[in-house]
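Read off the chains here:
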Amino acid sequence: MDDEIIRAANAKKGSPFLDTAQAAHYVGLSRRTLEKMRVAGGGPRFRKHGRYVRYHIADLDDWSAARARRSTSDA
């Protein structure tokens, strides 16, 4: 897990793109949850670079910000 934190931090410094494991750690979800969201929809925007799935940090931040709520009764 520490290795993923280091890799995510290094990726953020050098590249705005994260792989699925790094993106999952960044938003606090499991890798598998992000994979399911890619199929079902509702997850953060992702990009395909060849056969590789990449998440842009700005897209992850936007997706997270769109889920901000003030109370549990908010829609």
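Here, the structure is the one placed above.
Notes on the structure follow. What you see is a predicted model; the values in this text were computed from it and never measured. (Residues numbered from 1 in each chain as written. Predicted model: local features only at pLDDT ≥ 70, side-chain atom pairs only at ≥ 80, totals over all residues. Heavy atoms only, no water.)

Some words on the pattern of salt bridges
Two side chains bearing opposite charge may form a pair once their charged atoms approach each other closely. Evaluation of the coordinates by the stated rule reveals three salt bridges. R31 is the partner of E35 in a salt bridge, and the nearest nitrogen-oxygen pair spans 2.5 Å. Note that E35 and R31 are positioned in helix α3 (residues 31-40) at a spacing of four residues, about one turn of the helix. Using a relative accessible area of 19% as the deciding quantity, one classes E35 as buried. The salt bridge involving R47 is made with D59; its shortest N-O contact spans 3.1 Å. Taken together, the residues R47 in strand β2 (residues 47-49) and D59 in helix α4 (residues 57-65) connect sequence positions twelve residues apart. Since its relative accessible area comes to 30%, R47 is described here as partly exposed. Through salt bridges that share partners, R31, R32 and E35 make up one connected network. (Salt bridge = Lys/Arg side-chain N within 4 Å of Asp/Glu carboxyl O. Helix = DSSP H or I, 4+ residues; strand = E, 2+ residues; numbered from the N terminus. Buried < 20%, exposed > 50% of the residue type's maximum accessible area, 1.4 Å probe, protein only.)

Some words on the packing of aromatic side chains
The tally for this structure, following the rule as stated, stands at one aromatic pair. Sitting over the face of the ring of F46, R38 holds its NZ or CZ atom 5.8 Å from the ring centroid. (Phe/Tyr/Trp six-rings, centres within 6.5 Å; stacked < 30°, edge-to-face > 60°. Lys NZ or Arg CZ within 6 Å of the ring centre and 35° of its normal.)

Overview of the sheet that holds strand β1 (residues 17-18)
Read across the open sheet, the three strands follow the order β1-β3-β2; overall the sheet is antiparallel. Here the strands that pair on one side only, and so sit at the sheet edges, are β1 and β2. With two bridges joining them, β1 and strand β3 (residues 52-56) adopt antiparallel strand pairing. Counted as the bridge partner of F17 is H56 from β3. Against the sheet, α4 contacts β1, β2 and β3, and its axis sits at roughly 60° relative to β3. (Pairing = 2+ DSSP bridges. Contact = heavy atoms within 4.5 Å. Axes fitted to C-alpha atoms, helices over the stretch in contact; angles between N-to-C directions.)

Everything listed is a geometric property; what it means functionally is a separate question.
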